[in-house]
Structures are given as structure tokens and as C-alpha cells.
Amino acid sequence: AVRAAAAVLGSLIPGAGVLLVSFLNGPDQAWMPVLGVAMAVGMGAAAWHQLGSPLVQCLRHGESRLRIPPVPVYLGQPSLVEFETAAELGAPELTLRCARESWEGSGKHRSKVRRFVQRGRAETHSQTTNGFQLLLEPPADAPGTCLSADPSIYWELEVKDEAAGYEALFLIPVYPRPVLR
């Protein structure tokens, strides 16, 4: 909540600065207040888009967390994790997927592109007092998490419930099973 308020307030400061400069420079620059207000509104809308919607969801549903056992999730092996939330979810839609991020283009036109390269199995195992126990199983032939690679590879779990207006995304550490010698 504090971050969102700081972002909205921070977006208004450049507009206020332009207004102040226009009043100090005199009446010949009467267009400056209009520019300042337009900048403040635009930056406020951008801050709301980035932070406001998650803030509203957090205020409505409370904090959610995913508790993963101390052992990471291994490729090809089912793992139980606990999803805790204060939201009243009916039957959440679960999506376990492997994402690969890479840079495309060059110069000013360079952008980060996220592609989903593989899906795993994710289903509700049982309901708990604080949420759900989930069964996650990434396929055995999928790549493991490697954030330092170029392109970086990671697994994420998306939890959605359209009826409750709930959506959350969690990073999942998924690794190949170690070979014992």
C-alpha cells in the first residue's frame, strides 16, 4: 500500500514541478500549466496501471503465499506445496509453466520477450484451513530453472479464480534430480 501511494505521489511531483516553473517564468508561458497537468495525469495513470490493480486485489483478498518444502521441485517428480490465501476461492484454475526470457531487437527497439516453452501438471490436492494443498509435476524432459542463463529459464505457477476476481503468480524452483554416485 505504501509503495503504491509513493508511486502515485511520485508521479504527481513532475507535474507539480512544471506548474511551479511556469508560474515563476511569468504569463508568457501560459501553456506550461496545461502540460504539467497532462504529465501528472499521464504518470498517475501509469502508476495506477502498474501498482493500483495489485493493490486493490491485495486489499480485497489479503496476502497470499506459496509454501514450498525445503527440497526443491524436481523434474518428473510430483511435489506437494501449500497455497495459503485469505481469499475465498471456489475452484482455482492452476497453470504450471516453464518460461524462457530473451532479448529481441537492438538499440531503442530492444525488448524482453517471454515465451512459454513447456507446461507441467498442477492440480488441487486437498483443501486446508488456510487454502489448498497443490500437487505440482513438471515433465521429466523439461528444462530446469536457470536464472543466470541467457535466455533465463524459470518455472511459474499461475493461480486464477475468475468468479472471485483473484489472480496470483508465483516463481517455482524446479531442478533436475541430482545423480547419486
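Details of the structure are given in the entry above.
A. Spotlight on the overall build of the chain. Scanning the chain for helices and strands turns up two helices and nine strands. In the chain, the succession of α and β elements from N to C terminus is α-α-β-β-β-β-β-β-β-β-β. Counting over 181 residues, the chain shows a buried share of 34%. Long-range contacts, defined as pairs at least 24 residues apart, comprise 59% of the intrachain contacts of the chain with a sequence gap of at least 6.

B. Representation of the sheet that holds strand β1 (residues 64-67) in the model. Reading across from one edge, β1-β3-β6-β5-β4-β7-β8 is the order of the seven strands in this open sheet, with antiparallel pairing throughout. The two strands at the open ends of the sheet, each matched to only one other strand, are β1 and β8 (166-172). The mean inter-strand angle of the sheet, taken between neighbouring strand axes irrespective of direction, is 30°. Bridge count for β1 against strand β3 (residues 79-85) is four bridges, and the pairing is antiparallel. Bridge pairing in β3 links Leu66 to Phe83.

C. Summary view of unusual backbone geometry. Cis geometry marks the peptide bond from Asp150 to Pro151, where omega comes out at 10°. Looking at the element boundaries, Pro151 is found in the loop between β6 (131-137) and β7 (152-161).

D. How the structure looks around the environment of Ser102. Examined against the element boundaries, Ser102 turns out to sit in strand β4 (residues 93-104). Residues Ser102 and Asp150 lie 48 residues apart in sequence; the distance between their C-alpha atoms is 6.8 Å.

E. Layout of the nonpolar core. Counting residues in hydrophobic clusters, the biggest one holds 25 residues, and the most contacted among them are Leu66, Phe83, Leu134, Trp155, Leu157, Tyr166 and Ile172. Mapped onto this core, the elements with two or more residues apiece are β3, β4, β6, β7 and β8. Those residues in contact with Ile172 that sit more than four places away from it in its chain are Leu66, Ile68, Val73, Leu96, Leu136, Thr145, Trp155, Glu156 and Leu157.

F. Highlighting the pattern of salt bridges. Scanning the model with the defined rule gives nine salt bridges in all. Glu104 is the partner of Arg115 in a salt bridge, and the nearest nitrogen-oxygen pair spans 2.8 Å. Of this pair, Arg115 sits in strand β5 (residues 111-127) while Glu104 sits in strand β4, placing them eleven residues apart in sequence. For Arg115, a relative accessible area of 42% puts it in the partly exposed group. Among the salt bridges present, the one from Glu123 reaches Arg121, with a minimum N-O distance of 3.9 Å.

G. Spatial organisation of the packing of aromatic side chains. Applying the stated criterion to the full structure yields two aromatic pairs. Geometrically, the ring pair formed by Phe83 and Tyr166 is edge-to-face, given 6.2 Å between the ring centres and 65° between the ring planes. Of this pair, Phe83 sits in strand β3 while Tyr166 is found in strand β8, placing the two residues 83 residues apart along the sequence. You'll find Phe83 and Tyr166 in the same group, each marked buried. For the pair Phe83 and Phe170, a centre-to-centre distance of 5.8 Å together with 75° between the ring planes defines the contact as edge-to-face. Of this pair, Phe83 sits in strand β3 while Phe170 sits in strand β8, and the two are 87 residues apart along the sequence. Between Arg97 and the ring centre of Phe116, over which it is positioned, the NZ or CZ distance is 4.2 Å.

What counts and what doesn't
Residues numbered from 1 in each chain as written. Predicted model: local features only at pLDDT ≥ 70, side-chain atom pairs only at ≥ 80, totals over all residues. Heavy atoms only, no water. Helix = DSSP H or I, 4+ residues; strand = E, 2+ residues; numbered from the N terminus. Buried < 20%, exposed > 50% of the residue type's maximum accessible area, 1.4 Å probe, protein only. Contact = heavy atoms within 4.5 Å. Pairing = 2+ DSSP bridges. Axes fitted to C-alpha atoms, helices over the stretch in contact; angles between N-to-C directions. Core = buried A, V, L, I, M, F, W, Y, C linked by side-chain atoms within 4.5 Å. Salt bridge = Lys/Arg side-chain N within 4 Å of Asp/Glu carboxyl O. Phe/Tyr/Trp six-rings, centres within 6.5 Å; stacked < 30°, edge-to-face > 60°. Lys NZ or Arg CZ within 6 Å of the ring centre and 35° of its normal.

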